[in-house]
Amino acid sequence: MKTHIFHNEAADLPENRTYLERPRVHKLLEEAIKSPYVTVTAGAGYGKTHAVYSFLRNYDASTAWIQLSQRDNLATRFWESFARTLGLYSKRVAERLRELGFPETDDQFANMLSIPDDELAPGEKYVLVFDDLHFIEDEMVLRFIKRAAQVPFQNITMVLISRVNPDINTVSLLSKGLLVNINEDELRFTEEETAQYFQLLGLNLSSQSVANVYSDTLGWAFAINLVGLSLKKAPSHERDARIAMKLNIFKMIEDEIFLVISERLRLFLVRLSLIDHLSSDLVSILAGDETLVDEMKKVSSFIRYDIYLSAYLIHHLFLDYLRQKQDILTEEEKRDTYLKAADWCNANDYQTDAISYYDKAGDYKAIVRIAHRFPLQIPFEQAKFVLNIYDNAPVEQLEPIVHYHSQRSRLLMSMARYDEAAAEIKERIRKFSALPASGANNQILCGAYKELGIIEFLMSPYTDCYDFDLTLKKANDYFMRSPYDVQVAFTSISLNTWASKVSGPRQGAMEDFIAALTRAIPHAMSTLDGCMYGLDDLAKGELLFYKGSLKAAETSILQALRKAETRNQYEIRNRSLFYLLRIKVAQGNFEKIQTLLNALEQQLEIGDYTLRFTSYDIVSSWYYSLLGQPQLAANWLKGNFTRDSIGALIVGFGNFIKTKYYYADKRYHELLSFIEDGHGTDAVLLGKLEMKALEAACHYQLKDTAAALAALRAAYDLASSNDLVMPFVERGKDMRTLTAAAMRDDGCDIPRPWLEMIHRKAATYAKRLAQVISEYKRANNINDDVHLSPRETAVLNDLYHGLSRTEIAASQNLSINTVKMVLNTIYTKLGADNMADVVRAALERKLIP
């Protein structure tokens, strides 16, 4: 297999014509690479990168090379490079990593770990190199690398190249045989290798001369190289070269390289030291003259062209030297360099670097243009990064930029600083409302009311106030007065678990919210370019579903689905399909379930839907957990619950589905811990209700009937004023037995008619679910041995011979209620919906004597 070596940007790589192949070091690496982790640790100039690269280019593996720099001390910038580089393994890997974003939470990290396992060829060897790890100081990035080093990938070896020992718990990894370290002593040139290198340069040194150089350099590759360059120019000046090397490495670089090249090349190289991206296209743009690029190529000992990356690579020590010379550039030369680099990065989707270079150039309009394209839910670290630039920029330059004001509000909102955002928006409204009307002012006021309306919408669970439509109407009024084409920053809404934003159990509150949402949608159609279209129908369908009105719910949700598809509202479409799936499970319609699952899978092909993989994992995992197949759930949803993640809308949805997985996996104690420590609470009424019903079921499974009934009573109090039933019904047979226990308990004060209704509906749901499970197993050729107790076998035999329930009770000396319960258990085990189904299934399994 041909080896492929990929890079994310300029890496310090060897120059083939003067690099000595060292079999000794290659043999060390060949043994080391068999381990999941390899650390290569030595000071500057010891040939760490050269050694690893030289070995890997002839090694049977696909290698992704991530060259780190100080700019990677920002999580979003690091993740852009990480995703892009691993995307060279597989385009789908890059898509899923970009969708996931930098993994701040346990869920996200577990999801990240599953991506290579899912997408990469299982029989192929992969190597992932982090070069110059010592530049990383950011705690979040270091934590990611440290965590990644604790969990071996199936077929990926991670190589960490650093000047200092990486903080990855190396002692533990070494003791487990998971890590091999190659250190400075092993990378030093031997005296024999020093002699071979000089021969490669065409220098015929005596054994004593080689010994002298080796003694002076102690095998330091960089110093040996500099001595060799000096000797090539003046072979008789061995002593002078050794003295110069001892005195000052940078001075030698200056004498042997910098002062020898032309003045225009000096200026050009110093300009290159301002930036990290040295793509051949960008280098040509900055040069403006290919003869200058040709001249640069002659500095071949420290600058080379990499064909895999299509970029020029500068040795880091030479780069350090050039950075010390940046004061020779004028401010205009620096600004021109930053602007051209920023334009190139922006065109090539390096957003974080583009923003950074525009900041250095003082082009804040360009920053606002880029940030205006951010999604509605901006990653926390990215929002913090841009907001910090705004806070330190000259106010007089930012104020005239129209979209700056609304952009700042969105950044604050993404950091969950809603009160601060609302206060700034209200002050902006006060200020610009007092100014004479103008097209520019109308545009600013349109944006202000739009952002304020969104904040009021998001905060409505806490305020129980549903007049956000009035604020969005004001935004639309100013939109209509603006002569400009008001650009919309986002066109697709991000959803949490629930469409409804109602928090308390006040009767009619959910209808009030839906009415406000219905009034707001027409205004949002203009000011938000269709964002939220269909959300009101989804909220109506959601409420009807939770009330148990499944047919009416289906009608509203299908309407939401149609609307969402016309305006690319991907999250609304996903939640609509999720509710339709829940409806069809409740109806026992396996054929329709398969159609809906196919529709969910088709969303994976929509590149613009940034959360498509995550949302698909969540919904499909719910379905598999419901089927009693929790092992098929996405791996990242099997881990610990995610707690206190700022601004991550998808986290709540993931945790909600994870409760289903935990319950299906009988992890009741862990579930109760999550619920009872406060992390299982939800600001939205439906979430509170789901958790209380789940808490009751968990306690009952643990034989704590008193605690189960107390939780059931609390859940009833949340549900009764709005006639919400599905959180109980979807617990199926477990809720059936719990409500039966409640009806037998004289101390239970939950109204009996309500208990009877839930008991009946939960029993029906259990039968429908059992039918779906049976058809799923049949469709997937899953053997399902059913075991009946002696009592169940006797009752089934009587039923088969035509006895009525009363006759069965007399025959088996049982009460009529016990016969009903035994028959319900048989129905559930056989996935049957009626007597004919029971008999058919029993005969197929030869359960009737």
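Reading guide: rules and limits
Residues numbered from 1 in each chain as written. Predicted model: local features only at pLDDT ≥ 70, side-chain atom pairs only at ≥ 80, totals over all residues. Heavy atoms only, no water. Axes fitted to C-alpha atoms, helices over the stretch in contact; angles between N-to-C directions. Helix = DSSP H or I, 4+ residues; strand = E, 2+ residues; numbered from the N terminus. Parallel < 35°, antiparallel > 145°, perpendicular 65-115°, else oblique. Left-handed = near helix turned anticlockwise from the far one by under 90°. Contact = heavy atoms within 4.5 Å. Nonpolar A, V, L, I, M, F, W, Y, C, P; charged D, E, K, R; others polar. Buried < 20%, exposed > 50% of the residue type's maximum accessible area, 1.4 Å probe, protein only. Arc of directions from axis to C-beta. Phe/Tyr/Trp six-rings, centres within 6.5 Å; stacked < 30°, edge-to-face > 60°. Lys NZ or Arg CZ within 6 Å of the ring centre and 35° of its normal. Pairing = 2+ DSSP bridges. Salt bridge = Lys/Arg side-chain N within 4 Å of Asp/Glu carboxyl O. Core = buried A, V, L, I, M, F, W, Y, C linked by side-chain atoms within 4.5 Å. Lys, Arg positive; Asp, Glu negative; His and termini not counted.

## Considerations on the packing of helix 42 (residues 816–830) against helix 43 (residues 835–844)
Argument step 1. Contact geometry for helix 42 and helix 43: axes closest at 10 Å, N-to-C directions at 60°. Here helix 42 lies oblique to helix 43, going by the angle between them. Once helix 42 is placed against helix 43, the crossing between them reads as left-handed. In contact with I826, Y827 and L830 of helix 42, helix 43 contributes M835, V838, A841 and A842.
Argument step 2. Split into classes, the residues belonging to the contact of helix 42 with helix 43 amount to seven nonpolar, no polar and no charged.

## Some points on helix 16 (residues 290–297)
Because the α-helix completes a turn every 3.6 residues, residues three or four places apart line up on one side.
Argument step 1. Of the residues making up helix 16, those classed as buried are L292, V293, E295 and M296. With its buried residues spanning 160° around the axis, helix 16 presents them on a single face.
Argument step 2. The elements touched by buried residues of helix 16 are helix 14 (263–272), helix 15 (280–287), strand 7 (303–306) and strand 8 (311–314).

## Some thoughts on the packing of aromatic side chains
Argument step 1. Taken as a whole, this structure holds 39 aromatic pairs when the rule is applied.
Argument step 2. Consider the rings of F189 and Y197, whose centres lie 6.2 Å apart with planes at 80°: the pair is edge-to-face.
Argument step 3. Using a relative accessible area of 7% as the deciding quantity, one classes F189 as buried.
Argument step 4. With relative accessibility at 6%, the residue Y197 sits in the buried group.
Argument step 5. Counting every residue linked through ring pairs, the aromatic cluster contains F78, W79, F82, F102, F109, F130 and F144.
Argument step 6. Between the NZ or CZ atom of R266 and the centre of the ring of F258, over which it lies, the distance is 6.0 Å.

## Some words on the pairing of strand 3 (residues 62–67)
Argument step 1. Of all six residues that make up strand 3, six are buried, and the element is covered over most of its length.
Argument step 2. Residues S62, A64 and I66 of strand 3 are buried on one face, and the alternating residues T63, W65 and Q67, pointing to the opposite face, are buried as well.
Argument step 3. Relative to strand 4 (residues 126–131), strand 3 runs parallel, the two being bridged by six bridges. Paired with A64 across the two strands is L128, which belongs to strand 4.

## Remarks on the packing of helix 3 (residues 75–86) against helix 6 (residues 139–148)
Argument step 1. Close contact between helix 3 and helix 6 brings their axes to 9 Å; oriented N to C, the two are set at 40°. As far as their axial angle goes, helix 6 and helix 3 are oblique. Contact residues: A75, F78, W79 and F82 in helix 3; M140, V141, F144 and I145 in helix 6.
Argument step 2. Counted by class, the contact of helix 3 with helix 6 contains eight nonpolar, no polar and no charged residues.

## Some remarks on unusual backbone geometry
Argument step 1. The phi angle at D132 is positive, at roughly 60°, despite the residue not being glycine.
Argument step 2. At K703, a position not held by glycine, the phi torsion is positive, near 70°.
Argument step 3. When you line up the elements, K703 lands in the loop between helix 35 (685–701) and helix 36 (705–719).

## Notes on the environment of F656
Argument step 1. With respect to the secondary-structure elements, F656 resides in helix 33 (residues 649–664).
Argument step 2. The buried category is assigned to F656, whose relative accessible area is 4%.
Argument step 3. Put simply, F656 and L292 are 364 residues apart on the chain and 60 Å apart in space, counted from C-alpha to C-alpha.
Argument step 4. Those residues in contact with F656, other than ones at most four positions away along the chain, are T497, W498, F578, R582, E690 and M691.

## Topic: helix 10 (residues 207–217)
Argument step 1. Within the sequence span of helix 10, burial applies to S209, V210, V213, D216 and T217. Seen from one end, helix 10 has its buried residues packed into an arc of 130°, which puts them on one side. Projecting away from the buried face of helix 10 at angles above 90 degrees are the exposed residues S207 and Q208.
Argument step 2. Phi turns positive, to about 55°, at L218, one or two residues after helix 10.

## A few points about the pattern of salt bridges
Argument step 1. Applying the stated criterion across every chain yields a total of 43 salt bridges.
Argument step 2. K340 is the partner of D336 in a salt bridge, and the nearest nitrogen-oxygen pair spans 3.2 Å. Of this pair, D336 and K340 both sit in helix 18 (residues 331–347), four residues apart, which is roughly one turn of that helix.
Argument step 3. The partly exposed category is assigned to D336, whose relative accessible area is 25%.
Argument step 4. Judged by its relative accessible area of 28%, K340 is partly exposed.
Argument step 5. D512 is the partner of R506 in a salt bridge, and the nearest nitrogen-oxygen pair spans 3.2 Å.

## Here's the deal with the nonpolar core
Argument step 1. M296, F318, Y623, L712 and F728 are the most contacted members of the largest nonpolar core, which has 195 residues in total.
Argument step 2. Once residues lying within four places of it in the same chain are set aside, the contact partners of L712 are A696, F728, M735, L738, A742, I750, W754 and L755.
Argument step 3. Counting 36 residues, the second largest nonpolar core, distinct from the first, contains A64, L100, M112 and L179.

## Some remarks on the environment of L317
Argument step 1. Mapped onto the secondary structure, L317 falls in helix 17 (residues 316–323).
Argument step 2. On the accessibility criterion, L317 (10% relative accessible area) is buried.
Argument step 3. Residue contacts for L317: discarding those within four places in its chain leaves A44, G45, F222, F250 and I253.

## Description of the side chain of Q382
Argument step 1. Assignment of secondary structure puts Q382 in helix 21 (residues 380–392).
Argument step 2. The residues contacting Q382, other than those within four sequence positions of it, are T76, Q351 and F374.

## Examining the side chain of R731
Argument step 1. Locating R731 in the fold gives a position in the loop between helix 37 (726–729) and helix 38 (732–744).
Argument step 2. Buried and unpaired, R731 has E690 as its nearest opposite-charge partner, separated by 4.9 Å.
Argument step 3. Sequence-distant contacts of R731, that is, excluding residues within four places in its chain, are made with K660, Y663, A693, L694 and A697.

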